[in-house]
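# Structural description and commentary
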Amino acid sequence: RKTVDLPGGSVTLGIDEYWVRMERRLMPGPGGQPLVSLTAMAGCFDQPIKPLLIQELIGGLKGAASTLGVIAGIGSVSSMLACMSMGWLSDRRSPLHVSCVGAVGAAVFSIPLVFAHQLGLFVFYPTAALFCFCAAGLDPVLQIAMSKRVPREAHGSLFGLNATARAIGWLMGPLLASVLA
């Protein structure tokens, strides 16, 4: 149970009620496309940098393509599982709660990726999989949250705008990363 102070007094809420009220305040509705674009951009930001990192970790070009293929496969499988499980969970729980857990998980699992040079591929593989799982699950959660805030007859427009915003993020992420690399 959670007690929330409001201007007219305090209200004690069950945890589900608390997350539902927070969701109404914080989750994006119409106009949430910048958030969709940012999550897409963050999801592919590492694409130009990852080959350079792998090349450094294995000490050259020999075996780099197969190592990148394994990492891409691990990321794809974990992303697929994340989208299915987090989407399913968001239908049954608060999308805000699910997205908070996913975002915190992605942040936590990105920390070991920073130390990949010291930790090596043995730690990089599972950490990358867990990071992909947490980050990839955010997209269906955002879609669910936004569709709850838009009338049913406007869902086509909403999903079209979201697809456009996601494509802009997919364009800008690698572009920005290549400038920084």
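Located above this text is the structure these notes cover.
Residues numbered from 1 in each chain as written. Predicted model: local features only at pLDDT ≥ 70, side-chain atom pairs only at ≥ 80, totals over all residues. Heavy atoms only, no water.

### Considerations on the overall build of the protein
A tally of regular secondary structure across the protein gives nine helices and two strands. Reading the protein from its N terminus to its C terminus gives the helix and strand order β-β-α-α-α-α-α-α-α-α-α. Sorting the 181 residues of the protein into buried and exposed places 36% on the buried side. Taking the intrachain contacts of the protein between residues at least 6 apart in sequence as the baseline, contacts between residues at least 24 apart amount to 71%. Surface accessibility of the protein: about 10400 Å² in total, with carbon and sulfur atoms responsible for 69%. (Helix = DSSP H or I, 4+ residues; strand = E, 2+ residues; numbered from the N terminus. Buried < 20%, exposed > 50% of the residue type's maximum accessible area, 1.4 Å probe, protein only. Contact = heavy atoms within 4.5 Å. Areas by Shrake-Rupley, 256 points an atom, 1.4 Å probe, with all protein chains shown as cover.)

### Some words on the nonpolar core
Of all hydrophobic cores here, the largest spans eight residues; its members are L53, I54, L57, I71, A116, L121, F124 and A128. Listed by contribution, the elements that provide at least two residues to this core are α3 (50-58) and α7 (121-136). The next biggest cluster of nonpolar side chains, apart from the first, holds six residues, and it includes L142, V150, L158 and A165. (Core = buried A, V, L, I, M, F, W, Y, C linked by side-chain atoms within 4.5 Å.)

### Here we look at α3
Three or more residues of α3 are buried, namely K50, L53, I54 and L57. The buried residues of α3 all sit within an arc of 95° when viewed along its axis, so they share a single face. After α3 finishes, the residue G59 shows a positive phi value of roughly 85°. (Arc of directions from axis to C-beta.)

### What to know about helix α9 (residues 155-180)
Look at α9: 37 Å from first C-alpha to last across 26 residues, which is about the 38 Å you get at 1.5 Å a residue. Of the residues making up α9, those classed as buried are H155, L158, N162, A165, R166, G169, G173 and A177. (Expected span 1.5 Å × (residues − 1).)

### Some points on the packing of helix α2 (residues 33-44) against helix α8 (residues 138-148)
Packing of α2 against α8 leaves a shortest axis separation of 10 Å and a crossing angle of 175°. As judged from the angle between their axes, α2 and α8 are roughly antiparallel. Between α2 and α8, the residues in contact are Q33, L35, V36 and T39 and D139, L142 and M146, respectively. (Axes fitted to C-alpha atoms, helices over the stretch in contact; angles between N-to-C directions. Parallel < 35°, antiparallel > 145°, perpendicular 65-115°, else oblique.)

### Regarding a nonpolar patch on the surface
A cluster of nonpolar side chains, V77, M80, L81 and M84, forms an exposed patch at the surface whose accessible area comes to about 370 Å². Tracing the backbone through its elements, the reader meets L81 in helix α4 (residues 64-92). Owing to a relative accessible area of 41%, L81 belongs among the partly exposed residues under this scheme. (Patch = residues over 30% accessible without salt bridge, like charges linked within 9 Å, V, L, I, M, F, W, Y side chains within 5 Å. Salt bridge = Lys/Arg side-chain N within 4 Å of Asp/Glu carboxyl O.)

### Quick look at the environment of S99
Following the sequence through the fold, S99 ends up in helix α5 (residues 95-114). As a C-alpha pair, S99 and M86 span 13 residues in sequence and 8.4 Å in three-dimensional space.

### Digging into the side chain of S37
Within the secondary structure, S37 is located in helix α2. Excluding anything up to four places from it in sequence, S37 contacts A165, I168 and G169.

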